[in-house]
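Commentary on secondary and tertiary structure
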Amino acid sequence: MTDNDKLTSSSSIELLSFRVGGQDYSVDIMSVREIRGSAKATSLPHAPFFVKGVINLRGTVLPIIDLSARLGLQTGEDSERNVIIVVDLGERTVGLMVDAVSDILAIPSEEMQPPPDLAADDARTFVSALTIVDGRMIRILDLEAVMPPQGEEVA
Amino acid sequence: MSDPMAEIRASFFIECEELLESLQDGLQLMDDGDTDPETINIVFRAVHSIKGGAGAFGLDDLVHFAHRFETAMDEVRAGRFQPDGEAIRLFFTCADVLGDLVRAARDDDAVSSEVTDPVLEKLEKLVGVEEESEEELDFTPATLSLDLSLDFGGDAGLPNLPDLSDLPMAGADESPLDLSSSEEATEPLVASKGFTVFFKPEPALYISGNEPLYLFRALRDLGDLAVTCHAASLPLLDSIDPDIGHLSWTLTVHTEESEQTVREVFEFVDGLCQLDITPLAAAPVAPSPASVAVVPALPPLPPLVQPEPVAARPAPDPASTATPNDAPVTAAPKPEAPQEEASPAPVKSSATTTSEGTTPTKTTGTPTQPRATVRVDLERIDRLVNLVGELVINQAMLSQSVTEAGLPPNSPVSTGLEEFLQLTRDIQESVMMIRAQPIKSLFQRMGRIVRESSASVGKEVRLHTDGENTEVDKTVIERLADPLTHMIRNAVDHGLESPEKRLAVDKSREGHVTLTAQHRSGRIVIEVSDDGAGINRERVKAKAIEKGLIPAEAQLSDGDIDNLLFLPGFSTAQEISNLSGRGVGMDVVKSSIQALGGRIAITSQEGKGTTFSISLPLTLAVLDGMVVRVADETLVVPLNAILETLTLTDDDVKALGPETHVVQIRGGFVPLLDLGAELGYRPPQESYVGGIALLIGQEDGNRAALAVDAIEDQRQVVIKGLEGSYGRVPGIAAATILGDGQIALILDPTDLVSQASGRTRPRKPQHALVG
Amino acid sequence: MSLEVLAVDDSRTMRDMLNLALSSAGFTAHLAEDGIHGLEVLEDIEPDVIITDINMPRMDGFGFIDAVRSEDKWSRIPILVLTTESADELKAKARAAGATGWIVKPFDPAKLVKALQMVAG
């Protein structure tokens, strides 16, 4: 990456970029706890459609979000190539199921842009900022919005 | 650091619980005929300590009650009152009320005087001590100030005073030594308010450990102080009796303080000295100035009189030793007299060997720390419990891998793994025990229930307890209180006969309720039994039929009939008594026990009595479960909810409506639920015949049959909460991790059944077959 | 003037409070649970003053004072008795047992310090 010489620059944030449903997304690397291969999830009854279920992450129960389903993107078949990004969000830890992890980017803060208001598709509400890297648009995921509502009871 | 007083307050209430426990123990011993003075002392001390702490926190109600209780116990202790059975029962009641007051104080609540006053009245009438209002007034709680820093003003603690020795010393002239600053010294002393104090210590004052110098300093804190020492009576050096002080002083203090305050300085020496305090204006500076010596009397730190049998001290100043007795003399003790000299380590005298008790036995360890337990945050323990849970799971996974690898059972890996398994279990058990505490506190509460409930139904009942040191998980103990209370009430109310009936069948007038706890094969077993009439099965059955709970023709075993008691709203009492029957039944008891992962059983023998037996897991962190498969998912069903497993036959399964089925079991009908459909894993099946169902005993006494595809295993699983990571899932209690590392959900049968759709048939028109 | 104080009381709450009051006043507090324990502690430290409760298990305050007073090396240590009663009888008893003074429980920290000053500077 040509733009990443100033990795340690204090005014830049580091992003983990990944592909999901054929699009480029990223999350703040500070919220990423680990990246691991896919595992068979135990499905949860009455869970929202985008909750794959729960897996065993070294003894803890980790809910898995199928991110492409969550973002309303076309869902490919589950494949062994799927990757789970384990993210921490305050008290909660969840796994995001994505197609593949791409890179770690350091983006100067001033190059981050708010998402335009025009977009009307579902995915828009899950994007907190945008940036361009090597001519590609990288969406920064709003983790808070992606989380399943907690304590929700779906009868 | 949090508020230290709040911490002490919290620990006070914990201590109170311990004291209440020993109070109960002591009373129980007294009730059993123990007249050992130490037993009575323990009882007294418990009340006394509660009062002491309560006073410090200004808990007036508690202090008031404890004080009167203590006074009564003091009468017993002093042998002025010999308590009989009735008195001890009253003491028990007092202990109960004291406990109520403690808890009310802790929770910022109050106990109505309608509760406390009659008890106190009875107590005083019985013991014969009238309310001593004087004593009461004497014990006005002086609340310990919460802001200690204000009281002490930072680091030093003591008021910032110059050392007396630093003050300007007057020469050996005839004027009183003026300790005030030089500017003020020119002003006539008598002009200001104050007191003249004549102080002549008696030998006993020194023996008691008091020290005039410190008293003078305390006096100086009140205002400017002038000290005149009268050494006239000082004998010659060779005739000084070291145990007798020969000096007296006149002290003039200029202060705004009251005489009372001045007198308080001498509180500890009152009676050990000659003390005359007169307001300044009315008194001469010294009783007879002509005859006394005026000396710069105040030496630096060493005590004025140190009557040690070592050297004759106080020693007069060598410069003036020649002066006769009644001539002026400078009689300051040698200021340089070293302190060490005053306390030489003497050869142990006979006095040190007076009794065993006075010769301290040396123990190792930090002597200044009370031998105490470690207080650990419950969260930390729970974390440890969780980690050990991981270990157990990990171990199970490892075992499975080894089995799958096809290693022979005698291979080093297998035997090593066996040892690992044993160690893991030991660790798990030890960790669980950290959360455990003796069930004693709970049993003691039941003592009260027996006393209160027997009194209200006019029965005489004695509670026996056994195994009260059995340790049970803290949370389990807390959650057992309600069901156990109900069972005890039930035993007193329904189990035991009236005294008249008992006498008629050659039983003792007094009924007996026994409460026991023990560890039995990895579980806690608690039994509540009575020696009453036993269950009247004919009446129970008749009632169940009358209430439509069972068909009239139902063939029930004795055990089946006994279990009818757990049906909701079931009551065998002819009329609703004061105690039970108010909406709480054995059904609620059963569901509470089940919620703890426990089971409850009943055995009864006509004429002999009834026993309820509760079996509980050692901890809430593991659960005995049945591992089942349904729609390719693995689920764990808590074993305590399963009554039996059924193989469904054509005869048993009947369609009830267009979408529902029931199963016929021994004359009763039970709804059939398709677990896979209820959890949304799949649509209802076409047929369940030949399938397997679990008969679930619901907490409301109703039953349901859960259709599953297969039963795989029965095992203990470690409970993993879902709430923290995901949230609540309807019908699911928690999750666990199986030996293959896969997560399995643990069913909450009651929740599942209560929310069930009951759909066991695909949605398509069908003609109904009503069974 | 930092005094070393040995405080003997069987009530944990009282020990906690004495400890707090004493250390807040800049004193060094040593704590013991009863008379026997108090004597054990005395073997290791030399306090400027002792505060003791009366009613304690194993060895009560009177027994403790007696034991302290009968040991020459401790016989001069001022001893304050902690009592909930201010009854003169009890004071007389405390004094007869060899106590130097007394503190009426519940104590006010300022009064505690004052009492300590009156007997130990």
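Residue numbers run consecutively from 1 along every chain, following the written order of its sequence. Each chain takes a letter, starting from A, and each ligand takes a number, starting from 1, following the order in which they are written. For a predicted model such as this one, the threshold for reporting local features is a pLDDT of at least 70, and the threshold for listing and counting side-chain atom pairs is 80 or more; totals across whole chains, interfaces and linings nevertheless cover every residue. Processing note: side-chain calculations cover all non-hydrogen atoms of the structure and skip hydrogens and water entirely.

1. A look at the overall build of chain B
Filter applied, for reference: Only DSSP runs of H or I reaching four residues or more are called helices, and only runs of E reaching two or more are called strands; each is numbered from the N terminus. Any residue under 20% of the maximum accessible area for its type is buried, any over 50% is exposed, and the rest in between are partly exposed; the area is computed with a 1.4 Å probe on protein chains only. Contacts: residue pairs with any heavy atoms within 4.5 Å of one another. The Shrake-Rupley method, run with a 1.4 Å probe sphere, supplies the accessible areas, and residue values consider only the shown protein chains as cover.
From N to C terminus, chain B includes 22 helices and 23 strands. Looking at chain B as a whole, 48% of its 771 residues are labelled buried. When contacts within chain B are restricted to residue pairs at least 6 apart in sequence, long-range pairs at least 24 apart make up 71% of them. Working note: accessible area of chain B is about 37000 Å², and carbon and sulfur atoms make up 52% of it.

2. Regarding the overall build of chain A
When its secondary structure is counted, chain A shows two helices and 10 strands. Going residue by residue from the N terminus, the α and β elements of chain A occur as β-β-β-β-β-α-β-β-β-β-β-α. Across chain A, the fraction of contacts at a sequence separation of at least 24, relative to all contacts at a separation of at least 6, is 57%.

3. Some words on the packing of aromatic side chains
To be explicit about the condition: Here a Phe, Tyr or Trp ring, Trp counted by its six-membered ring, pairs with any other such ring whose centre lies within 6.5 Å, and the pair is stacked when the planes are under 30 degrees apart, edge-to-face when over 60, and tilted otherwise. Charge-over-ring contacts are defined here by two conditions on Lys NZ or Arg CZ: a distance within 6 Å of the ring centre and an angle within 35 degrees of the ring normal.
One pass over the structure, following the stated rule, counts 11 aromatic pairs over all chains. On the numbers, 6.4 Å between centres and 40 degrees between planes, the contact of F69 of chain B with F91 of chain B is tilted. In this pair, F69 of chain B sits in helix α3 (residues 60-77) while F91 of chain B sits in helix α4 (residues 85-106), placing the two residues 22 residues apart along the sequence. When the centroid spacing of 5.2 Å and the interplanar angle of 65 degrees are considered together, the rings of F268 of chain B and W102 of chain C count as edge-to-face. Of the two residues, F268 of chain B sits in the loop between α11 (259-265) and β5 (273-279) while W102 of chain C sits in strand β5 (residues 101-104), which places them in two different chains. Taken individually, F268 of chain B and W102 of chain C each receive the classification buried, so the pair is uniform in this respect. Ring-pair connections join several aromatic residues into one group, and the members of that group are F199, F216, W249 and F266 of chain B. In this arrangement the basic side chain of R77 of chain B is found over the ring face of F44 of chain B, its NZ or CZ atom lying 3.7 Å from the centre.

4. Examining the environment of A78 of chain B
Structurally, the position occupied by A78 of chain B is in the loop between α3 and α4. A78 of chain B sits 38 residues away from I40 of chain B along the chain, and the two C-alpha atoms are 9.7 Å apart.

5. Focus: the nonpolar core
So the rule is basically this: Take the buried residues of types Ala, Val, Leu, Ile, Met, Phe, Trp, Tyr and Cys, join any two whose side-chain atoms come within 4.5 Å, and each joined set is a nonpolar core. In this document the domain limits rely on a domain assignment from an automatic tool or a database.
Of all hydrophobic cores here, the largest spans 124 residues; its most connected members are F199 of chain B together with I51 of chain C. No other element matches the 13 residues that α4 of chain B contributes to this core. Taken domain by domain, the makeup of this core includes at least three residues from each of domain 1 (4-148) and domain 2 (172-307) of chain B. Not counting the four nearest positions on each side in its chain, F199 of chain B is found in contact with L205, P212, L215, F216, S248, W249, L251, F266, V269, C273, Q274 and L275 of chain B.

6. Section: the sheet that holds strand β9 (residues 127-133) of chain A
Residues and elements named next belong to chain A. Definition in use: Should DSSP find at least two bridges between two strands, the strands are regarded as paired. To obtain an axis, a line is fitted to C-alpha atoms, over the contacting stretch when the element is a helix, and the angle between two such axes runs from 0 to 180 degrees between their N-to-C directions.
Ordered in space as β8-β1-β2-β10-β9, the five strands form an open sheet in which the pairing is mixed. Either end of the sheet is taken by a strand with one partner, and the two such strands are β8 (100-108) and β9. Across this sheet, the average inter-strand angle for adjacent strands is 35 degrees, counted without regard to direction. Pairing of strand β1 (residues 12-20) with β8, which is carried by eight bridges, proceeds in the antiparallel orientation. Looking across to β8, one finds that I13 is bridged to I107.

7. A short note on unusual backbone geometry
Glycine aside, residues mostly have negative phi, and peptide bonds are mostly found in the trans state. All names here are of chain B. With a phi close to 55 degrees, D108 is a non-glycine residue in the positive phi region. Note that D108 resides in the loop between α4 and α5 (113-127). Of the residues examined, D108 reaches a relative accessible area of 68% and is grouped as exposed. A positive phi is found at D506, a non-glycine position, where the angle reads about 60 degrees.

8. Quick look at the interface of chain B and chain A
Stated precisely, the cut-off is as follows: As a working definition, buried area equals the accessible area (1.4 Å probe) given up by two parts on being put together, with both sides summed. Throughout this description, the term salt bridge denotes a Lys or Arg side-chain nitrogen within 4 Å of a carboxyl oxygen of Asp or Glu. Any N or O atom pair separated by 3.5 Å or less is treated as a polar contact, with the protein-specific requirement of one donor-capable and one acceptor-capable atom, and with residues adjacent in sequence counted only for side-chain atom pairs. Note that Gly is not counted as nonpolar here; it falls among the polar residues with everything else outside the nonpolar set of Ala, Val, Leu, Ile, Met, Phe, Trp, Tyr, Cys and Pro and the charged set of Asp, Glu, Lys and Arg.
Across the boundary between the two partners, chain B contributes 25 residues, which contact 25 residues of chain A. With both chains or domains summed, chain B and chain A bury close to 2000 Å², and 54% of this area falls on carbon and sulfur atoms. It is S725, Y726 and I743 of chain B in chain B that bury the most area against chain A; as a group they hold 34% of the surface buried on that side. Taken together, the connections running from chain B to chain A amount to zero salt bridges. Put simply, chain B and chain A have six residue pairs in polar contact (both at pLDDT 80 or more) between them. At the level of secondary structure, the elements contributing two or more residues to the side of chain B that touches chain A comprise α13 (378-404), β22 (732-737) and β23 (743-747) of chain B. Ranked by residues supplied to the side of chain B that touches chain A, first place goes to β22 of chain B with three residues. Taken together, the residues of the side of chain B that touches chain A break down into 12 nonpolar, seven polar and six charged.

9. Focus on α3 of chain B
Residue and element names in this part refer to chain B. In plain terms, the rule: Given the number of residues in a helix, its expected span is that number minus one, multiplied by 1.5 Å.
Here α3 is 18 residues long and its end C-alpha atoms lie 25 Å apart, about the 26 Å a rise of 1.5 Å per residue gives. When you tally the buried positions in α3, you get 13 out of 18 residues, the bulk of the element. G79 lies just past α3 and shows a positive phi near 80 degrees.

10. Quick notes on the pattern of salt bridges
Residues and elements named next belong to chain B. Tallying each qualifying case throughout the model produces 36 salt bridges over all chains. R106 is the salt-bridge partner of E17, the closest N and O atoms lying 3.8 Å from each other. Linking E17 in helix α1 (residues 4-31) with R106 in helix α4, this pair joins segments that are 89 residues apart in sequence. Across the pair R502 and D531 runs a salt bridge whose closest N-O atoms are separated by 2.8 Å. With R502 in helix α17 (residues 499-504) and D531 in the loop between β10 (523-530) and α18 (537-546), this pair connects stretches of sequence that are 29 residues apart. One network of salt bridges, with partners in common, ties together D96, D100, R448, R451 and E452.

11. Here we look at the packing of helix α2 (residues 35-44) of chain C against helix α3 (residues 61-69) of chain C
Residues and elements named next belong to chain C. Here is the rule: Angle categories are assigned with fixed cut-offs, so that under 35 degrees is roughly parallel, over 145 is roughly antiparallel, 65 to 115 is roughly perpendicular, and the rest are oblique. It is the rotation of the near helix from the far one that decides the hand of a crossing: anticlockwise by less than a right angle makes it left-handed, clockwise makes it right-handed.
Orientation of α2 relative to α3, taken along the N-to-C sense of each, is 30 degrees, at an axis distance of 9 Å. The angle between α2 and α3 falls in the class roughly parallel. Like other packed secondary-structure pairs, α2 and α3 cross with a definite hand, here right-handed. Across the interface between the two elements, G35, G38, L39 and L42 from α2 touch F64, A67 and V68 from α3.

12. Notes on the sheet that holds strand β6 (residues 83-89) of chain A
In a beta sheet, neighbouring strands are held together by backbone hydrogen bonds and run either parallel or antiparallel to one another. All names here are of chain A. Read across the open sheet, the five strands follow the order β3-β6-β7-β5-β4; overall the sheet is mixed. At either margin of the open sheet sits one strand with a lone partner, and together these are β3 (32-37) and β4 (51-57). Pairwise comparison of adjacent strand axes, ignoring direction, gives a mean angle of 30 degrees for this sheet. Two strands pair when backbone bridges link them, and strand β5 (residues 60-66) and strand β7 (residues 92-98) are joined in this way by three bridges, in the parallel orientation. Across the sheet, residue I65 finds its bridge partner in β7, namely L96.

13. Comments concerning the confidence of the model for chain A
Residues and elements named next belong to chain A. Quick note on the threshold: Every residue carries a pLDDT, the predictor's confidence in it, which falls somewhere between 0 and 100.
Of the residues in chain A, 80% reach a pLDDT of 70 or more, and the chain-wide mean stands at 80. Within the model, pLDDT remains below 50 along residues 1-9, and this stretch shows 13 contacts once partners closer than five positions in the same chain are excluded. Counting interchain partners and residues more than four positions distant, the pLDDT-below-50 stretch residues 151-155 has 11 contacts.

14. Quick look at the pairing of strand β20 (residues 703-708) of chain B
All names here are of chain B. In terms of burial, β20 is largely enclosed, as five of its six residues are buried. Where strand β18 (residues 668-674) and β20 come together, three bridges link them in parallel fashion. Within β20, the position partnered with D674 by the bridge is A707.

15. Side note on the environment of S102 of chain A
Residue and element names in this part refer to chain A. If you trace the backbone, S102 turns up in strand β8. On the basis of relative accessibility, which here comes to 36%, the residue S102 falls in the partly exposed class. Put simply, S102 and D24 are 78 residues apart on the chain and 8.7 Å apart in space, counted from C-alpha to C-alpha. Setting aside residues no more than four positions away along its own chain, S102 makes contact with S17, F18 and R19.

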